[in-house]
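# Examining the three-dimensional arrangement
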Amino acid sequence: MSTVSVVTLAKGRPAHLRNVLRGLERQTQPPAAFIVAVMQETPYDLPEVGFPVHQIPVRGRELPLAAARNRGVAAVDSDAVVFLDVDCIPAPDLIADYARGLSELDGLLMGEVLHLPERATLGTWDYAGLDAVAERHSDRRGPPASGIEICNDYRCFWSLNFAIRRATFLATGGFDERYTGYGGEDTDFGKLLDRSGIPIAWIKGARAYHQYHPHHMPPVHHLESVVRNAELFEAKWGYRTMGHWLYAFKVMGLIDDTPGRPIRILRRPDAADLALTGQLGHQPYTNSASVIRAIEARTDAGAAAKSPAPVTA
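Residues numbered from 1 in each chain as written. Predicted model: local features only at pLDDT ≥ 70, side-chain atom pairs only at ≥ 80, totals over all residues. Heavy atoms only, no water.

## A closer look at the layout of surface pockets
Put simply, the second largest pocket is a space of about 230 Å³. Lining the second largest pocket we find 15 residues, and of these His16, Asn19, Thr121, Leu122 and Gln211 sit closest to its centre. Here the residues of the lining of the second largest pocket sort into 6 nonpolar, 5 polar and 4 charged. (1 Å grid on protein atoms, 1.4 Å probe; cavity = no way out; pocket = protein on both sides within 12 Å on 5 of 7 lines; lining within 4 Å. Points joined across faces, edges and corners; volume = space filled by probe spheres on them. Nonpolar A, V, L, I, M, F, W, Y, C, P; charged D, E, K, R; others polar.)

## Quick word on unusual backbone geometry
Cis rather than trans, the peptide bond between Met217 and Pro218 has omega equal to 0 degrees. Take Pro218: it is sitting in the loop between strand S11 (208–210) and helix H7 (223–237). Within the chain, Arg119 stands out as a residue other than glycine whose phi angle is a positive 75 degrees. Structurally, the position occupied by Arg119 is in the loop between strand S7 (113–115) and helix H4 (127–133). (Helix = DSSP H or I, 4+ residues; strand = E, 2+ residues; numbered from the N terminus.)

## Digging into the pairing of strand S1 (residues 4–10)
Burial analysis of S1 places 7 of its 7 residues in the buried class, the great majority of the element. The alternating pattern of S1 places Val4, Val6, Thr8 and Ala10 and Ser5, Val7 and Leu9 on opposite faces, both of which are buried. Of the pairings in the sheet, the one linking S1 to strand S4 (residues 80–85) comprises 6 bridges and is parallel in character. Note on S4: the bridge partner recorded for Val4 is Ala80. Where S1 lies against strand S2 (residues 34–38), 5 bridges are found, and the strand directions are parallel. Each bridged residue has a counterpart across the sheet, and for Val6 the counterpart in S2 is Phe34. Note on the crossover from S1 through helix H1 (residues 14–25) to S2: the handedness is right-handed. (Buried < 20%, exposed > 50% of the residue type's maximum accessible area, 1.4 Å probe, protein only. Pairing = 2+ DSSP bridges. Right-handed = clockwise from strand over helix to strand, strands pointing away.)

## Considering the state of the cysteines
Inspection of the entire model under this criterion finds 1 disulfide. In this structure Cys88 is not part of a disulfide, and its nearest cysteine sulfur, from Cys156, lies 17 Å away. On the basis of relative accessibility, which here comes to 0%, the residue Cys88 falls in the buried class. (Disulfide = S-S within 2.5 Å.)

## Description of empty space enclosed by the protein
For the structure on display, the rule yields 2 cavities of 30 Å³ or more. Roughly 100 Å³ of internal volume is contained in the largest cavity. Taken together, 13 residues make up the lining of the largest cavity; nearest its centre are Gly111, Glu112, Val113, Arg141 and Trp202. Residue composition of the lining of the largest cavity, by class: 6 nonpolar, 3 polar and 4 charged.

## A short note on the sheet that holds strand S5 (residues 88–90)
Spatially, S5-S11-S7 is the arrangement adopted by the 3 strands of the open sheet, whose pairing is mixed. Across the chains shown, the open sheet's two edge strands, defined by having one partner strand only, are S5 and S7. Shown here is a sheet whose adjacent strand axes are inclined to one another by a mean of 30 degrees, direction ignored. Strand direction decides the pairing type here: S5 and S11, joined by 3 bridges, are antiparallel. Bridge assignment links Cys88 to a residue of S11, and that residue is His210. (Axes fitted to C-alpha atoms, helices over the stretch in contact; angles between N-to-C directions.)

## Some details on the packing of helix H6 (residues 185–196) against H7
For any two helices packed against each other, the geometry comes down to the angle between their axes and how far apart the axes lie. Between H6 and H7, the least distance of the axes is 11 Å, while the angle of their chain directions is 20 degrees. Comparing the axis directions of H6 and H7 gives the class roughly parallel. Every pair of crossing elements has a handedness; the one defined by H6 and H7 is right-handed. The segment H6 lies against H7, with Thr187, Asp188, Lys191, Leu192 and Arg195 engaging Phe233, Lys236 and Trp237. Its residues placed into classes, the contact of H6 with H7 shows 3 nonpolar, 1 polar and 4 charged. (Parallel < 35°, antiparallel > 145°, perpendicular 65-115°, else oblique. Left-handed = near helix turned anticlockwise from the far one by under 90°. Contact = heavy atoms within 4.5 Å.)

Next comes the structure, spelled out in structure tokens:
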């Protein structure tokens, strides 16, 4: 791929966005353009750099993630597009790695992701310092030992760091803009690629460093949009996505997801739910499997406390 542009979706987090821009300045192959799909009222105050930077406003009552990705691609005319979340700092070879990979495979490529603890990017950071503290997510598989490896399960698609040829993206029709808020739009796009015969693959390299920010896993703070988007996915494809999150919500008593019926939200998350699922400052990421185990243990303990004491002679 001779030209590669980068698209980032942003709402808030100006320090994170500036770090993305610093990472792009250090690329061995500079981007043809950097497109910021701005999901807030005012544009960002960004420094001048040696490549074009365009801020594209994308309006929506909730996070219009699907629409923002589509607007970002529409704003560039490069051969390929890299999508980076606003909290992902690109390693110096990220663009070059993707350009090389897309010249070999006409599909969607997913690069490496390492997670940073709180304060890792304070002050003047460098890549050696990031590498020293970054961790790989235990819920996600690592990159191949070399080259490109096809993933035969569309659910492996993770949207925070990926690349695709622009013509291939446009041929799919892009992300389904009916998905609003958090959750489901990337799995839907992965399903679309699978149905279209477009390969999804892991690539060695194209590394990004995920910057710390407070988060909940499962994302109880996005309860409404996860439920809504899971039902949209079911209406479109015949089954629900985000099943592990829905399972956690059910165990927590937040929803009733009886099969064959619309999902009912029973209550909003309370302080105890937020404390249980919240990422702590020393954690580079939240592990949904361990949180689900904690939720199950809490539920089992509560049920045991409410059960009557056994009758003894």
